[in-house]
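# Residue-level structure breakdown
Listed here are the chains, written in short residue letters.
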Amino acid sequence: MENLNEIVVQIRDGHIEAYSDIIKYYQNHIYGYLLRLTLNHQDAEDLTQETFTIAFYKLNQLKDINSIKSWLFSIAHNQAMQLFRLKRKNQEIVDRLKSNLRSFTLKFEDVEFLDSIQEILSPFEMSLLMLRVVEEMSYEELSICLKKYPTALRKQYERLRKKLQAELDHKREVIAND
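Read on for a plain summary of the structure. Here the structure is a predicted model, which is why all the values come from computation and not from measurement.

Further remarks concern the overall build of the chain. A tally of regular secondary structure across the chain gives 9 helices and 0 strands. Starting at the N terminus and ending at the C terminus, the chain contains elements arranged as α-α-α-α-α-α-α-α-α. Of the contacts made within the chain by residues no fewer than 6 positions apart, 58% connect residues no fewer than 24 positions apart.

Rendered as structure tokens:
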């Protein structure tokens, strides 16, 4: 890339519009790498954007301007590894939910229901379910964590269980009618 030194100096001097030249030059390279790594267009696009955002804010930490390409790829790699760790952790949580939800009468075909559980529950309900079932917290511990009374949490958890059971029964009925 021509004038790389000048572009970086301009950016460091506050001319942030010059950063678009770096993005234009390296974006396809970074995106291609991340696409091959993740095998997912959306993830690759998101990670590419995160890579350039992080690089912009850490540009003053770049010691050798000539190593900007490897520096950007390093940031992209780290972001991809972070995504993989997050996905693995989310899968572990779903797997634990599958094995720990003994209170539901699950059949083999109901397992896909658990994969779509986040679409059914609010963020609070998902958090309550995770903390109660996966982390096996008592209602007293939940009370401290969620800043609600144990009796209220007990009631909310019971409603949550009924909601999930009703949704599960509905899905079974739909499958049976097909």
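Text resumes after the structure shown.
It is worth spelling out the packing of helix α2 (residues 19–38) against helix α3 (residues 41–57) at this point. It is the contact of α2 with α3, at a shortest axis distance of 8 Å, that shows an interaxial angle of 140°. Classified by the interaxial angle, the pair formed by α2 and α3 is oblique. In this structure, α2 crosses over α3, and the sense of that crossing is right-handed. Contact residues: Tyr-19, Ile-22, Ile-23, Tyr-26, Gln-27, Ile-30, Tyr-31, Leu-34, Leu-35 and Thr-38 in α2; His-41, Asp-43, Ala-44, Glu-45, Leu-47, Thr-48, Thr-51, Phe-52, Ala-55 and Phe-56 in α3. Here the residues of the contact of α2 with α3 sort into 13 nonpolar, 5 polar and 2 charged.

Turning to the nonpolar core, a few remarks are in order. Side chains of a nonpolar character, in soluble globular proteins, are inclined to be buried together. Counting 24 residues, the largest nonpolar core has Ile-22, Tyr-26, Ile-68, Trp-71 and Leu-72 as its most contacted members. Those elements that provide at least two residues to this core are α1 (4–12), α2, α3 and α4 (68–100). Top element by residues in this core is α4. It accounts for 7 residues. Counting 16 residues, the second-largest nonpolar core is a separate cluster that includes Ile-120, Met-126, Val-133 and Leu-164.

Let us look at the packing of aromatic side chains. As enumerated under the stated definition, the model contains 5 aromatic pairs in all. Taking the centre distance of 5.4 Å and the plane angle of 65° together, the rings of Tyr-33 and Phe-73 count as edge-to-face. In this pair, Tyr-33 is assigned in helix α2 and Phe-73 in helix α4, connecting sequence segments 40 residues apart. Ring centres 5.3 Å apart and planes at 80° place the aromatic pair Phe-56 and Tyr-57 in the edge-to-face group. For Phe-56, a relative accessible area of 25% gives the class partly exposed. Sitting over the face of the ring of Tyr-139, Arg-132 holds its NZ or CZ atom 4.2 Å from the ring centroid.

Bringing the environment of Asn-60 into the picture now. Along the chain, the position of Asn-60 falls in the loop between α3 and α4. With 48 residues separating them along the chain, Asn-60 and Arg-12 place their C-alpha atoms 7.0 Å apart.

Let's shift gears to the environment of Thr-53. Note that Thr-53 resides in helix α3. Considering only alpha carbons, one finds Thr-53 and Ile-23, 30 residues apart in sequence, at a separation of 10.0 Å.

Between its first and last C-alpha atoms α3 spans 25 Å; for 17 residues at 1.5 Å apiece the expected length is 24 Å, and the two agree. Among the residues of α3, those classed as buried are Asp-43, Ala-44, Leu-47, Thr-48, Thr-51, Phe-52 and Ala-55. All buried residues of α3 lie within an arc of 160° about the axis, which places them on one face of the element. In α3, those exposed residues whose orientation departs by more than 90 degrees from the buried face are Gln-49 and Tyr-57. The residue sitting at the N-terminus of α3 and contributing the capping side-chain oxygen is Asn-40; that oxygen lies 2.9 Å from the backbone nitrogen of Gln-42.

On to the environment of Leu-62. For Leu-62, the position within the fold is in the loop between α3 and α4. Residue classification places Leu-62 among the buried positions, given a relative accessible area of 5%. Expressed as a C-alpha distance, the spacing of Leu-62 and Leu-72, which sit 10 residues apart in the sequence, is 10.0 Å. Among residues more than four places away in sequence, those in contact with Leu-62 are Arg-12, Ser-67, Ile-68 and Trp-71.

Rules of the game
- Residues numbered from 1 in each chain as written.
- Predicted model: local features only at pLDDT ≥ 70, side-chain atom pairs only at ≥ 80, totals over all residues.
- Heavy atoms only, no water.
- Helix = DSSP H or I, 4+ residues; strand = E, 2+ residues; numbered from the N terminus.
- Contact = heavy atoms within 4.5 Å.
- Axes fitted to C-alpha atoms, helices over the stretch in contact; angles between N-to-C directions.
- Parallel < 35°, antiparallel > 145°, perpendicular 65-115°, else oblique.
- Left-handed = near helix turned anticlockwise from the far one by under 90°.
- Nonpolar A, V, L, I, M, F, W, Y, C, P; charged D, E, K, R; others polar.
- Core = buried A, V, L, I, M, F, W, Y, C linked by side-chain atoms within 4.5 Å.
- Buried < 20%, exposed > 50% of the residue type's maximum accessible area, 1.4 Å probe, protein only.
- Phe/Tyr/Trp six-rings, centres within 6.5 Å; stacked < 30°, edge-to-face > 60°.
- Lys NZ or Arg CZ within 6 Å of the ring centre and 35° of its normal.
- Expected span 1.5 Å × (residues − 1).
- Arc of directions from axis to C-beta.
- Polar contact = N/O pair within 3.5 Å; in protein donor to acceptor, adjacent residues only side chain to side chain.

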